[in-house]
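# Geometric and topological summary
For reference, the chains in residue letters:
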Amino acid sequence: MSIQTNLEHIKSTLPEHVTLVAVSKTKPVTDLMEAYNAGQRIFGENKIQEMANKFTVMPKDIEWHMIGHVQRNKVKYMAEFVSLIHGVDNLNLLEEINKQALKHNRIINCLLQIKIASEDSKFGMDFESASNIIQSKTISELKNIKIVGVMGMATFTDNKKQIEKEFSSLKTTFQKLKTIKTDNCLFNTISMGMSGDYKLAINCGSTMVRVGSSIFGSRNYN
Ligand SMILES: *Cc1c(COP(=O)(O)O)cnc(C)c1O
């Protein structure tokens, strides 16, 4: 099936309040352009350099989302154009994002990555750390970032009950964080759900799904 057909199919199944991030990591610009020509304007990448290269050659009305783990020393390569950073999991990183955003006179939206999976390999923090970050004095001084919600990745498993439990815990964390009144936060986004589990994620309260292989086909990592 074509990228356009895949996209149209997925979009037809999404409720209106759910935003689709087309995850285009490892895919060539020709594939992204096919999605673009089918109307897609939000793309997610997990490597900063690859995203920057694609940003340079593609139309400028695209919203670029960084969905991967972010290294502090690479923030400067995306600060000019990135519209949402999904995987923020510490205050040092927020300080660096703020510093680089300031250089471009921008405010960069960020999501706090919460660890919901049982596997050790997944990045992210717990509710306590997230709560401490948004109430810290430091963050109230970071005028060039805005925390707009949370992001999480479920365990890689066929056990639907477990995935559902993990997604529900992210929704609960979101609701608890949202009640904390702070300056630089505006909680409106729950980024959860990928090709294999986005329907379940939406049932559990997701407002933003990150779908790659169901749009672009499986990835080749050679
Ligand atoms: C690759 C990736 C996705 C998309 O995965 P698919 O299974 O191809 O839909 C979503 N989120 C993150 C963080 C990813 O790295």
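Let me sum up the structure you'll find in this document. (Residues numbered from 1 in each chain as written. Predicted model: local features only at pLDDT ≥ 70, side-chain atom pairs only at ≥ 80, totals over all residues. Heavy atoms only, no water.)

## What about the pairing of strand S7 (residues 185-191)?
- Burial analysis of S7 places five of its seven residues in the buried class, which makes it a mostly covered element.
- Sheet analysis places strand S6 (residues 145-151) next to S7, joined by four bridges and oriented parallel. Each residue of the ladder has a partner; that of Met 151, found in S7, is Ser 191. (Buried < 20%, exposed > 50% of the residue type's maximum accessible area, 1.4 Å probe, protein only. Helix = DSSP H or I, 4+ residues; strand = E, 2+ residues; numbered from the N terminus. Pairing = 2+ DSSP bridges.)

## Some remarks on unusual backbone geometry
- Unusually for a residue other than glycine, Thr 26 sits at a positive phi of about 70°.
- Among the structural elements, Thr 26 can be located in the loop between strand S1 (19-23) and helix H2 (29-37).
- Despite not being glycine, Asn 105 has its phi angle at roughly 55°, a positive value.
- Looking at the secondary structure, you find Asn 105 in the loop between helix H4 (91-103) and strand S5 (108-113).

## Section: helix H7 (residues 160-178)
- Relative to the 27 Å expected for 19 residues at 1.5 Å per residue, H7 spans 27 Å between its end C-alpha atoms, a close match to the ideal helical length.
- Among the residues of H7, those classed as buried are Ile 163, Glu 166, Phe 167, Leu 170, Thr 173, Phe 174 and Leu 177. Projection of H7 onto a plane perpendicular to its axis shows the buried side chains occupying an angular sector of 115°, all on one side. Of the exposed residues in H7, those oriented more than 90 degrees away from the buried face are Lys 160, Lys 161 and Lys 165.
- Next to the buried residues of H7 lie helix H5 (127-134), S6, S7 and helix H8 (198-203). (Expected span 1.5 Å × (residues − 1). Arc of directions from axis to C-beta. Contact = heavy atoms within 4.5 Å.)

## Here's the deal with the side chain of Glu 96
- Structurally, Glu 96 can be placed in helix H4.
- Other than its neighbours up to four places away in sequence, Glu 96 contacts Arg 72 and Val 75.

## Some words on the site of the ligand
- Every residue lining the ligand is accounted for by Val 23, Lys 25, Ile 67, Met 151, Met 153, Met 194, Ser 195, Arg 210, Val 211, Gly 212, Ser 213 and Arg 219.
- Gly 212 is positioned such that a nitrogen or oxygen atom in its backbone is 2.8 Å from an oxygen atom of the ligand.
- The contact in question runs from an oxygen atom of the ligand to an N or O atom on the backbone of Ser 213, over 2.8 Å.
- Here the ligand is seated within the second largest pocket. (Near = heavy atom within 4 Å. Polar contact = N/O pair within 3.5 Å; in protein donor to acceptor, adjacent residues only side chain to side chain. 1 Å grid on protein atoms, 1.4 Å probe; cavity = no way out; pocket = protein on both sides within 12 Å on 5 of 7 lines; lining within 4 Å. Sits in = over half its atoms within 2 Å of the grid points.)

## Structural notes on the pairing of strand S2 (residues 42-45)
- The side-chain alternation of S2 yields two buried faces, one formed by Ile 42 and Gly 44 and the other by Phe 43 and Glu 45.
- Bridging between S1 and S2 involves two bridges; their strand directions are parallel. If you follow Val 23 over to S2, its bridge partner there is Gly 44.
- As for the winding sense of the linkage, the β-α-β connection from S1 through H2 to S2 is right-handed.
- Pairing between S2 and strand S3 (residues 63-66): four bridges, direction parallel. The partner of Gly 44 across the bridge, within S3, is His 65.
- Handedness of the crossover joining S2 and S3 through helix H3 (residues 48-57) is recorded here as right-handed. (Right-handed = clockwise from strand over helix to strand, strands pointing away.)

## Re the packing of aromatic side chains
- In total, this model carries three aromatic pairs according to the counting rule given.
- Relative to Phe 81, the ring of Phe 55 lies with its centre 4.0 Å away and its plane at 5°, an arrangement referred to as stacked. Taken as a pair, Phe 55 in helix H3 and Phe 81 in the loop between S3 and strand S4 (84-88) lie far apart in primary sequence, 26 residues in all.
- Positioned over the ring face of Tyr 36 is Arg 41, at 3.6 Å from the centre of the ring.
- Against the face of Phe 127 rests Lys 176, its NZ or CZ located 4.2 Å from the ring centre. (Phe/Tyr/Trp six-rings, centres within 6.5 Å; stacked < 30°, edge-to-face > 60°. Lys NZ or Arg CZ within 6 Å of the ring centre and 35° of its normal.)

## Here we look at the pattern of salt bridges
- For the coordinates displayed, the defined rule picks out six salt bridges.
- Residue Asp 61 pairs with Arg 41 through a salt bridge whose shortest N-O separation is 3.1 Å. One end of the pair, Asp 61, is in the loop between H3 and S3; the other, Arg 41, is in the loop between H2 and S2, and 20 residues separate them in sequence.
- The exposure class of Asp 61 is partly exposed, given its relative accessible area of 46%.
- Judged by its relative accessible area of 29%, Arg 41 falls in the partly exposed class.
- We note a salt bridge from Glu 50 to Lys 54, for which the minimum N-O separation is 2.8 Å. (Salt bridge = Lys/Arg side-chain N within 4 Å of Asp/Glu carboxyl O.)

Keep in mind these values describe shape, not function.
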